[in-house]
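# Descriptive structure summary
Read off the chains here:
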Amino acid sequence: MQEYTISVDGLTYRHDPNCPPSLSDVSLHLPPGSRTILVGANGAGKSTLLQILAGKRLVKNADIRVKGRDVFRDSPDGVTFLGTEWAMNPVVRGDITVSAFLDSVGGYRHKARRDQLLDILDVDLDWHMHTISDGERRRVQLCMGLMAPWDVLLLDEVTVDLDVLVRDELLTFLRNDSTARGATILYATHIFDGLNSFPTHVAHMRLGYFVTEPMPWPCASSAVSPSISLYHTALAWLKEDREHRRELERLGRKTRGARKSETVPTDSETFYKKYDYSR
C-alpha cells in the first residue's frame, strides 16, 4: 500500500503573476483512509488547493500526486471533486427531471449506491431541475457526484445548502464509506457543528500557507473526551488569523473594514447623495 494518497511538496501558486501568491510553499501528505477538515478564513487558499488537487488549475513547479500519480500528466482515476459552482451552472437548470438527469450521467451503472444516496439526500426523482431550490439542486449534485465509488473525495463547501438532518446523514454515509473502503476525504467547510466525530485529521490554513499541517484529530479516538469541540478549535484559530492580519495591517498591509480616517466624501458618495430622493 502506498504511504500517502495525497502528496504535495513545494506548491506555490499565483492567480495573477503580478499579485502575491494564493498558495505559498504548501506541503501536504494524507494517508489512505484519512478524513481531513481544512479550517481557514475566506481567502485562506482552501478552494485553490482543492482545485489544484483535482487537476483544475495547472501548476508547473511543484510535485503534486494523488494515488501516486501526477495530477496533470498522469491523471488518476477515482478522484471526485465537488464544489459550490455546480448548482449555478445553467446546464443543470434546464427543464429535465432528476431521474432523466441522473441516467444521463450514468446513474444506471451504480444503482445500489444511487438509490442509497437518493434516500439519504431525500431526493424526488420527479423534480424538474429548473423548478427546484438551490438546496434541492445541491442534493442532486451530491447524489450525482457520490454514486460512483471514489478513492479520493475533494469537497469544497458543498454541504452549505443542506438542512441539518440531511447534512448529518450524509456525513455519516461518507464516514462509513471512507472507513469501509479505505477512501480519503479532504473537506473544506465553515460549518463545524456536528463534525466532531467525522475527521481523522484537521489542518489550519492562513493566507495561503499551513499554520498547522494535517494533524490527528483527538475525537477520532473514543478514548478522548467528547467535550473537545472542533467548533471551538476552529473559532480560536480564526480569531488568531484575524489578529495576525490586523498586525500585518498595522505594519502597512492594505486594511479591511471601515475607513475611519476618511474625512472627505468619496466621488461616489457625492454623486449618489446628489440624487438621493429618499430624504
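Residues numbered from 1 in each chain as written. Predicted model: local features only at pLDDT ≥ 70, side-chain atom pairs only at ≥ 80, totals over all residues. Heavy atoms only, no water.

Here we come to the overall build of the protein. Of the regular secondary structure elements, the protein holds seven helices and 10 strands. Overall size of the protein, expressed as C-alpha extent along the three principal axes, is 65 × 50 × 45 Å. Put simply, the protein has 279 residues, and 42% of those count as buried. When contacts within the protein are restricted to residue pairs at least 6 apart in sequence, those whose partners lie at least 24 apart make up 68%. The positive charge centre, built from 35 side chains, and the negative charge centre, built from 37, are 5 Å apart in the protein. (Helix = DSSP H or I, 4+ residues; strand = E, 2+ residues; numbered from the N terminus. Buried < 20%, exposed > 50% of the residue type's maximum accessible area, 1.4 Å probe, protein only. Contact = heavy atoms within 4.5 Å. Lys, Arg positive; Asp, Glu negative; His and termini not counted. Charge placed at Lys NZ, Arg CZ, Asp CG, Glu CD.)

Here we take up the domain arrangement of the protein. Assigned domains within the protein: domain 1 (1-78 + 149-259) and domain 2 (84-148). Look at where the C-alpha atoms of domain 1 and domain 2 centre, and you get two points 25 Å apart. Contact with domain 1, which involves 16 residues of that partner, is made by 16 residues of domain 2. Overall, the association of domain 1 and domain 2 removes approximately 1400 Å² of surface from exposure, summing both partners, and the carbon and sulfur fraction of that is 66%. Among the residues domain 1 hides against domain 2, the three largest losses belong to Pro149, Asp161 and Phe173. Together they make up 37% of the total. Counting the contacts that link domain 1 with domain 2 gives three salt bridges. (Domains from an automatic or database assignment. Buried area = accessible area lost by both parts, 1.4 Å probe. Salt bridge = Lys/Arg side-chain N within 4 Å of Asp/Glu carboxyl O.)

So, about the side chain of glutamate 157. Here glutamate 157 shows up in the loop between strand 7 (152-156) and helix 5 (164-181). Salt bridges are absent for the buried glutamate 157, whose nearest opposite-charge side chain, lysine 46, sits at 6.1 Å.

With that out of the way, let us pick up the sheet that holds strand 2 (residues 23-30). Here four strands make up an open sheet; going across it, the order is 2-1-4-5 and the pairing antiparallel. Each end of this open sheet is capped by a strand with a single partner; those strands are strand 2 and strand 5 (69-70). Direction of pairing for strand 4 (residues 63-66) relative to strand 5: antiparallel, over a ladder of two bridges. Along strand 5, the bridge assignment pairs arginine 65 with aspartate 70. (Pairing = 2+ DSSP bridges.)

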